[in-house]
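Architecture and fold: a report
One letter stands for each residue in the lines below.
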Amino acid sequence: MSLALLCPGQGAQHPAMFDRVRDNAAARDVLDGVSDVLSQDVFAAAGAEARFDNALAQPLLCAASLAQWQALRILLPTPGMVAGYSIGELAAHAIAGSIDTRSCLALAAQRARFMDAASPAGAGMQAVLGLDRARVESLCVAHAVHVAIANGRDHFILGGTLPGLQSLADEARAAGAEIRPLPVAVPSHTPLLQAAVPAFAAALDAIDWRRPQIPVLAGIDARLVRDRAGMVQTLSAQLAQTIEWAQLMRQLFERGARVFLQLGPGTALARMVASAYPCCEVRAVEEFQHLDGAAAWVHSALGRVQ
């Protein structure tokens, strides 16, 4: 039975997201690196109203997961697997050692620029809860909207134009669904961003790559990414292709993960795993006041699942 690390995507950024690593020497290179990439202090960027915009959000989210990992790695056993949600998948590769920290942060900024350039005006994303996939996909076809992320059997993130999302929301509510608009203006993981894929693939292919020291699972199909070609293909394809997060969670479980620790801001990934696999031990770093508390919990949890 092993530990799996989870790196989040956008949505939970907040001004205190780096507080646990503010004075941690092991995290300093990450904090300095993201400040360089953003051309502003990382703590100021985290507190800015624009922290939900791609240009800030994507480097900040990678930095949050990486900084916590650098601070925790000497306190934790080697994880059995690592996975990331949307931009978190890029951070997962840096944690696994496929790419170095500075390359990860630079790629996050490039990814944001390519996505913003490809995104149509007047677009967005929303969550739909309470309908099965067949019904959601039928609604998507009818309203020219796309499934961006499949989080569970009745939990989906959709991307599309605002009129399409609104008309779908009206029909879905009438069918008993709950709709949650998201603070995102770019329809990530949908065909609307296809133009960003070749540019990001070229950027990925241009960096130094090393064989991952921790297994990484791809968001688009939950397969293990073992080589440069796989990393380039899966990380670029996910910009315009559905992320199968429910499938990925199942693969983590089937490959032996029984303890899950979410890095970075928020608790959304931890809550999804806990709901889907209540037999597992699942927490997020943000549930602990200090990093050593998170590390102590991991060791205790691994002891309980043996």
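Before reading further, recall that the structure is shown in the block above.
In what follows, the accompanying structure is described. (Residues numbered from 1 in each chain as written. Predicted model: local features only at pLDDT ≥ 70, side-chain atom pairs only at ≥ 80, totals over all residues. Heavy atoms only, no water.)

**Thoughts on the overall build of the protein**
Here is the rule we go by: Runs of H or I in DSSP of at least four residues are treated as helices and runs of E of at least two as strands, each being numbered from the N terminus. The reference for a compact globule is 2.2 Å times residues^0.38; the radius of gyration itself is calculated from the C-alpha atoms. Partly exposed residues are those whose accessible area sits between 20% and 50% of the maximum for their type, while under 20% is buried and over 50% is exposed, using a 1.4 Å probe and protein chains only. We call two residues in contact when some of their heavy atoms are within 4.5 Å. Exposure was quantified through the Shrake-Rupley algorithm and a 1.4 Å probe, taking into account, for residues, occlusion by the shown protein chains and nothing else. Neither His nor the chain termini are counted; the positive set is Lys and Arg, and the negative set is Asp and Glu. In this description, the location of a charge corresponds to atom NZ of lysine, CZ of arginine, CG of aspartate or CD of glutamate.
Along the protein, the regular secondary structure elements total 12 helices and 8 strands. Against the 2.2 N^0.38 benchmark of 19 Å for 306 residues, the protein shows a C-alpha radius of gyration of 18 Å, consistent with a compact globule. With the C-alpha coordinates of the protein rotated into their principal frame, the extents come out at 50 × 45 × 35 Å. The buried share among the 306 residues of the protein stands at 58%. When contacts within the protein are restricted to residue pairs at least 6 apart in sequence, long-range pairs at least 24 apart make up 74% of them. Carbon together with sulfur atoms contributes 52% to the accessible area of the protein, which is approximately 11,900 Å² in total. Computed over 24 positive and 27 negative side-chain charges, the inter-centroid distance for the protein is 5 Å.

**A short note on the environment of A27**
Relative to the helices and strands, A27 is located in the loop between strand 1 (2-7) and helix 1 (28-38). Given the relative accessible area of 0%, A27 is considered buried. Note: C-alpha distance between A27 and A294 (267 residues apart in sequence) is 16 Å. If we skip the residues at most four places from it in the chain, A27 touches V21, A67 and Q70.

**Some points on helix 10 (residues 245-254)**
What counts here: Here, the arc refers to the directions that run from the helix axis to the C-beta atoms.
Listed as buried for helix 10 are W245, L248, M249, L252 and F253. An end-on view of helix 10 places all buried positions within 140° of arc, on one side of the element. In this structure, the buried residues of helix 10 make contact with strand 1, strand 2 (81-84), strand 4 (146-152), strand 7 (257-262) and helix 11 (268-276). The first or second residue beyond helix 10 is G256, which carries a positive phi of 110°.

**Digging into the pairing of strand 5 (residues 155-161)**
Our working definition: Think of it this way: DSSP has to see at least two bridges between two strands before they count as a pair.
Burial runs high along strand 5: 6 of the 7 residues are buried. In terms of strand pairing, strand 3 (residues 123-129) meets strand 5 through 7 bridges, oriented antiparallel. Each bridged residue has a counterpart across the sheet, and for Q126 the counterpart in strand 5 is L158. Of the strand pairs in this sheet, strand 4 and strand 5 are connected by 5 bridges, and their pairing is antiparallel.

**Comments concerning the layout of surface pockets**
Basically, it comes down to this: Throughout, the protein atoms alone are placed on a 1 Å grid, and a set of points is a cavity if a 1.4 Å probe fits but cannot get out or a pocket if it is open with protein on both sides within 12 Å along at least five of seven lines; lining residues have an atom within 4 Å of a point. Grid points are joined across faces, edges and corners, and a volume is the space filled by probe spheres set on the points. Amino acids outside the nonpolar list (Ala, Val, Leu, Ile, Met, Phe, Trp, Tyr, Cys, Pro) and the charged list (Asp, Glu, Lys, Arg) are all regarded as polar, and Gly is one of them.
Roughly 750 Å³ of internal volume is contained in the largest pocket. Taken together, 33 residues line the largest pocket, and the ones lying closest to its centre are Q10, G11, Y85, L182 and A268. Within the residue set of the lining of the largest pocket, elements represented by two or more residues are helix 5 (101-118), strand 3, strand 4, strand 5, strand 6 (178-181) and helix 11. Sort the elements by how many residues they give to the lining of the largest pocket and helix 11 lands first, with 4 residues. Partitioned by chemical class, the residues of the lining of the largest pocket number 18 nonpolar, 12 polar and 3 charged. Approximately 170 Å³ is the volume found for the second largest pocket. As for the second largest pocket, its lining consists of 14 residues, and the residues nearest its centre are W69, R73, I95, A96 and I214. Going through the elements one at a time, helix 3 (54-72) and helix 4 (88-96) are the ones with two or more residues in the lining of the second largest pocket. Ranked by residues supplied to the lining of the second largest pocket, first place goes to helix 4 with 3 residues. Residue composition of the lining of the second largest pocket, by class: 8 nonpolar, 5 polar and 1 charged.

**Focus: the sheet that holds strand 1**
As a reminder of what qualifies: Fitted lines through C-alpha atoms serve as axes, helices being fitted only where they are in contact, and the angles separating the N-to-C directions of these axes extend from 0 to 180 degrees.
In space, the 4 strands of this open sheet follow the order 2-1-7-8, with parallel pairing throughout. In this open sheet, the two strands that pair with only one neighbour each are strand 2 and strand 8 (281-284). Averaged over neighbouring strand pairs, the angle between their axes works out to 20° when direction is ignored. Across 4 bridges, the pairing between strand 1 and strand 2 is parallel. By the bridge assignment for strand 2, C7 is matched with G84. Relative to the sheet, helix 4 contacts strand 1 and strand 2, its axis offset from that of strand 2 by approximately 155°.

**Things to note about the side chain of E286**
The condition is simple: Whenever Lys or Arg places a side-chain nitrogen within 4 Å of a carboxyl oxygen from Asp or Glu, that contact is recorded as a salt bridge.
Mapped onto the elements of the fold, E286 is located in the loop between strand 8 and helix 12 (291-305). Summary of buried charges: E286 has no salt-bridge partner, and the nearest side chain of opposite charge, R20, is 4.1 Å away. Discounting chain neighbours no more than four positions away, the residues touching E286 are H14, M17, R20, G264, P265 and G266.

By themselves these figures say nothing about function.
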